[in-house]
Amino acid sequence: MRLLTHNMLSSNIKGVTNGFPLLIEVEKVVEKQVDFNEDFLRNMFAKIEWKALVEASRTMGYTELPENSESSMLNSDEFLRKFHHALLELHLEEGALVCPETGRKFPVNKGIPNMLLHEDEV
Amino acid sequence: MVGSCIGVSSTCSFGTTLQWGPGLHTFISRGHIIDRNASVQVLNRTDNNSRKDIGIGIGIGIGKRVYFTAVSGGGRKMQTVVNAAAVETLQKGIAEFYDESSGIWENIWGDHMHHGFYEPDSSVSLSDHRSAQIRMIEEALRFASISDDPMQKPRQIVDVGCGIGGSSRYLARKYEARCQGITLSPVQAQRAQALAASQGLDDKVSFQVADALNQPFEDGQFNLVWSMESGEHMPDKTKFVNELARVAAPGGTIIIVTWCHRDLSPSEESLSPEEKELLNKICDAFFLPAWCSTADYVKLLESLSLQDIKAADWSENVAPFWPAVIKSALTWKGITSLLRSGWKTIKGALAMPLMIEGYNKGLIKFAIITCRKPVS
């Protein structure tokens, strides 16, 4: 699971008011090279929850992203590369996503999160 | 199946719907068909029926079966208990069915687990089917007026009930978009991701094990919400459609391609007993909950204030598909694959003539329903 996906996922357990962002428990991180596409990054920038991305990338061991961001940073090639790396090249291969309110863990195996809710969570 | 109903005005018969009236209903079922129908029937009655005599019950799910007792007198408790046990049973059934049969389907049909689109009354050879399955995707996109224009084409897509990701990969490639796929089957999700990696699409498509009735996404994420032949598995159509609408971005498009039963005429309250019996047999074999009509979907979309709602009946365009599936099952490759697979898959295969019967009788419709989410 890459952080682009993580930025879209939330815990929809019954009664949870804010299930985003999910916390990350890391067991295995893998880095996978992805072709750099500037247009895509510019397009995504407006949609990404930046704080969630920074937090998540730090949990995954990448500390290069600035705490805050603004669109003028998109003019910097260095920033774009860091954004690219964090968003697309870091993979949680094994671990879990954790509901920020209930602590409930959604396992991640072979890079695939299992987000199925139990019957009492629906 | 063993069933007995004791009550003032209740009837109970094998394989068909139960009539719940006031009184004490002691009902114990050990039949696969009747479990699901009974539980879904309770769901439907609560949704569609103004009568308030749904009972309070205690349900015990053991393995694939639901044993439950109902006492009428009002209240929603019965529904909750039966619903949870039955839905989890249904979900497990779906997941296991696809875990088991996905390999054999892929072997014979490639990575698209949906009907092909044909000219009506055409006779087709097996080699046409792959391109017909692609055509189905293209016809659906065209029907929904999805633009190829670089400024307007979809950029984030969700494939609801993605199978092994055939649609996800096709759409991601076609629009150079990103696609998320969700499926109940862990086997399918793994296979989908592996296929994506082998096709160089690993960075464009991602798969999650998740429930379409509780999509794990934040609101408004997707320009295109795609449900290709997965709607028939959803036990709660209202929730299913609600979730599709929730995750659609403002201005985004929803495309649902699914099996429905025929629309009811204004004078009809329900399908005939014979029609229901045929559907029940099919439901049992393919792990499908109760069917609804195309008109029901349209009503649901209207209730959510979605716009540009369009629906069409494509039954004639898929009719050549089932005889061809049967033909392929009867080949040496087909038979040996089936024999190597599990009972669930074989049962599914044996039900294929029922699908043909359903189409021929005008009972089963292959429908497309599309709409747009308003911009604000």
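The following refers to the structure shown. Source: prediction; values computed, not measured.

Quick notes on the rules
- Within any chain, residue numbers begin from 1 and follow the written order of that chain's sequence.
- All chains are assigned letters beginning at A, and all ligands numbers beginning at 1, according to the order in which they are written.
- Totals for whole chains, interfaces and linings use every residue, but because this is a predicted model, local features are given only for residues with pLDDT of at least 70 and side-chain atom pairs only at 80 or more, for both listing and counting.
- Each side-chain value is worked out from all heavy atoms of the structure, with water and hydrogens disregarded.
- Here is the rule: rings of Phe, Tyr and Trp (six-membered ring for Trp) pair when centre to centre is within 6.5 Å. Planes less than 30 degrees apart are stacked, more than 60 are edge-to-face, and the remainder are tilted.
- Helix and strand definitions here come from DSSP, where helices need a minimum of 4 consecutive H or I residues and strands a minimum of 2 consecutive E residues; each element is numbered from the N-terminal end.
- Here's how the labels work: a residue is buried when its accessible area is under 20% of the maximum for its type, exposed when over 50%, partly exposed in between, all with a 1.4 Å probe on protein chains only.
- Paired strands, as defined in this entry, are two strands with at least two bridges between them according to DSSP.
- All axes here are fitted lines through C-alpha atoms, helices being fitted over the stretch that makes contact, and every angle between N-to-C directions spans 0 to 180 degrees.
- Should any heavy atoms of two residues lie within 4.5 Å, those residues are considered in contact.
- Reported buried area values correspond to the accessible surface (1.4 Å probe) lost by two parts on association, with both partners' losses combined.
- Note on definitions: salt bridges are taken to be side-chain nitrogens of Lys or Arg within 4 Å of carboxyl oxygens of Asp or Glu.
- Polar contacts here mean pairs of N or O atoms no more than 3.5 Å apart (in protein, one a potential hydrogen donor and the other a potential acceptor; neighbouring residues in sequence count only if both atoms are side-chain atoms).

Turning our attention to the packing of aromatic side chains. Residue and element names in this part refer to chain A. Tallied over the entire structure, the rule returns 10 aromatic pairs over all chains. A centroid spacing of 5.9 Å and a plane angle of 90° characterise the contact between Phe45 and Phe83, whose relative ring orientation is edge-to-face. Taken as a pair, Phe45 in helix α2 (residues 38-45) and Phe83 in helix α4 (residues 77-89) lie far apart in primary sequence, 38 residues in all. Taken individually, Phe45 and Phe83 each receive the classification buried, so the pair is uniform in this respect.

Residues and elements named next belong to chain B. Read from one edge of the open sheet, seven strands run β6-β5-β4-β7-β8-β10-β9, paired in mixed fashion. With one partner strand each, in any of the chains shown, β6 (205-209) and β9 (307-313) form the two edges of the open sheet. Averaged over all adjacent pairs, the angle separating strand axes in this sheet is 15°, with direction ignored. In the sheet, β9 pairs with strand β10 (residues 364-372) via five bridges, with the strands oriented antiparallel. Residue Ala312 lies in a different strand from β10, and its bridge partner there is Ile368. Taken strand by strand, helix α5 (residues 186-198) contacts β5 (178-183) and β6, and its axis lies near 170° from that of β6. Contacting β8 (248-261), β9 and β10, helix α8 (residues 294-303) crosses the sheet at an angle of about 15° to β10.

Quick look at the interface of chain B and chain A now. Of the residues lining the interface, 27 residues belong to chain B; the matching set on chain A comes to 26 residues. For the pairing of chain B and chain A, the buried interface totals around 2300 Å² over both sides, and the portion due to carbon and sulfur atoms is 52%. Summed over the three residues of chain B that lose the most area to chain A, namely Arg178, Val209 and Glu218 of chain B, the buried surface amounts to 21% of that side. Our count for the chain B to chain A interface comes out at one salt bridge. Between Lys32 of chain A and Asp202 of chain B there is a salt bridge whose closest N-O contact spans 3.3 Å. At the surface where chain B touches chain A, the tally comes to 10 residue pairs in polar contact (both at pLDDT 80 or more). If you list the elements that add at least two residues to the side of chain B that touches chain A, you get α2 (77-109), β5, α5, β6 and α6 (237-247) of chain B. Considering every element that reaches the side of chain B that touches chain A, the biggest residue donor is β6 of chain B, with four residues.

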